[in-house]
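These are the residues of each chain, in order.
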Amino acid sequence: MPDTITINNYKIEPGEHKEIQLNIARLPTYTNIDLPVHVFRSEEDGPTLLLTGGLHGDELNGIEIIRRMVSKDLLMPKKGSVIALPLVNVYGFIQNVRGLPDGKDINRSFPGVKGGSLARLLAHTLMNEIVPQIDYGIDFHTGGAARSNYPQVRCTLDVEKNKELGEAFGAPFVIHSSLIEKSFRKAAHKKGKHILVYEAGESTRFDEFGIQEGINGTLRLMKYLEMKDEAPEPLQETKTYRKTTWVRAKYAGLFRPKIELGDEVKKRQVLGHVNDPYGNEQFKFTCPHDGQVIGLNYAPVVHKGDALLHLAYE
């Protein structure tokens, strides 16, 4: 742990909690857009953990996870430091959209460029002001529009430290996820930093179960890192999967699932039906593997090729 953490020229000493405003840019109205950054530091040496929410502006569960932990004073560690950014993509949050006004996805814009697009500028700021200060991180996400994720950690299981951290978080599922080009996780990995992705719920909506699991998992990870003495026990045994696939609609129509998010399913089990809206035709779809439902589409109207559910399997 460094003696001093410096962000935007502000110095945070051991034993301090400070909220720093990290300036990004201005709106066309000349309203400044600043990112509030909470830094919690113990007086005792230890690792530095980063928590980021709202990288996609319409993904609210991660914002709420960090907000609650800040407001309930859960982030002051007994060892080391916590850096928490509840809301990274202020622009997307204001407009209730995933990306930025330039149409780009921050999570495909790393490591960024200071003089580049707004997404690349924001990525550059994170990589240069925040990432050099940390050892580990949790990046909180949700499923897309109408597609909900059961609480799960995604990490690279081929990297032993990633696997250890993922299991320590204690979510219901740990899913192997390769590093994606230009993502926050891969850019941090290149700097020797280990970032977990936590997924729960769907965009634009709170998922209370996913929020609470995110809080509890963060506390469990902090305990594993010796930053906390106590943490809630996992609700169930963590299951690890290396393979996932989307089951897609072969026909357009009205989707009616027969399973629920998180269910264990068997090969050739009927998972649901797609019906035509006039009552003439009904098409069943079946499970391609033994596994568990880690993602589910809640939109009733589907087109051919639409993702219906996300299956984890071995």
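Quick note: structure is the one above.
A brief look at the structure comes next. Note that this is a predicted model, so its numbers are computed, not measured.

### A closer look at the packing of aromatic side chains
In the structure shown here, the tally under the stated rule is eight aromatic pairs. For the ring pair tyrosine 150 and phenylalanine 209, a centre distance of 5.7 Å and an interplane angle of 55° mean the geometry is tilted. Residue tyrosine 150 is found in strand β8 (residues 147-155), and its partner phenylalanine 209 is found in helix α6 (residues 208-224); the two are separated by 59 residues along the sequence. What makes phenylalanine 209 partly exposed here is its relative accessible area of 33%.

### Considerations on the side chain of aspartate 276
Along the chain, aspartate 276 turns up in the loop between β15 (270-275) and β16 (282-286). Within the buried core, aspartate 276 has no salt-bridge partner, and the shortest N-O distance to an opposite charge, that of arginine 256, equals 12 Å. Separated by 2.8 Å, the side chain of aspartate 276 and the backbone nitrogen of asparagine 280 make a polar contact. Engagement of the side chain of aspartate 276 in a polar contact is seen with the backbone nitrogen of glutamate 281, the distance being 2.4 Å.

### Considerations on the packing of helix α4 (residues 160-169) against α6
Where α4 meets α6, the closest approach of the two axes is 7 Å, and the angle between their N-to-C directions is 125°. One way to sum up the angle between α4 and α6 is to call them oblique. Residues Lys161, Glu164, Leu165, Ala168 and Phe169 of α4 lie in contact with α6, whose contacting residues are Glu213, Gly214, Gly217, Thr218, Arg220, Leu221 and Tyr224. Looking at the contact of α4 with α6 residue by residue, the classes come out as five nonpolar, three polar and four charged.

### Examining the side chain of lysine 193
Secondary-structure assignment places lysine 193 in the loop between α5 (184-190) and β10 (194-202). One buried charged residue, lysine 193, remains without a salt bridge, the closest side chain of opposite sign being aspartate 135 at 5.2 Å. Here the side chain of lysine 193 touches isoleucine 134 through a polar contact of 2.9 Å, landing on its backbone oxygen. Ignoring anything within four residues of it in the chain, the contact list for lysine 193 reads Val131, Pro132, Ile134, Asp135 and Ala188.

Rules used in this analysis
- Residues numbered from 1 in each chain as written.
- Predicted model: local features only at pLDDT ≥ 70, side-chain atom pairs only at ≥ 80, totals over all residues.
- Heavy atoms only, no water.
- Phe/Tyr/Trp six-rings, centres within 6.5 Å; stacked < 30°, edge-to-face > 60°.
- Helix = DSSP H or I, 4+ residues; strand = E, 2+ residues; numbered from the N terminus.
- Buried < 20%, exposed > 50% of the residue type's maximum accessible area, 1.4 Å probe, protein only.
- Lys, Arg positive; Asp, Glu negative; His and termini not counted.
- Salt bridge = Lys/Arg side-chain N within 4 Å of Asp/Glu carboxyl O.
- Polar contact = N/O pair within 3.5 Å; in protein donor to acceptor, adjacent residues only side chain to side chain.
- Axes fitted to C-alpha atoms, helices over the stretch in contact; angles between N-to-C directions.
- Parallel < 35°, antiparallel > 145°, perpendicular 65-115°, else oblique.
- Contact = heavy atoms within 4.5 Å.
- Nonpolar A, V, L, I, M, F, W, Y, C, P; charged D, E, K, R; others polar.

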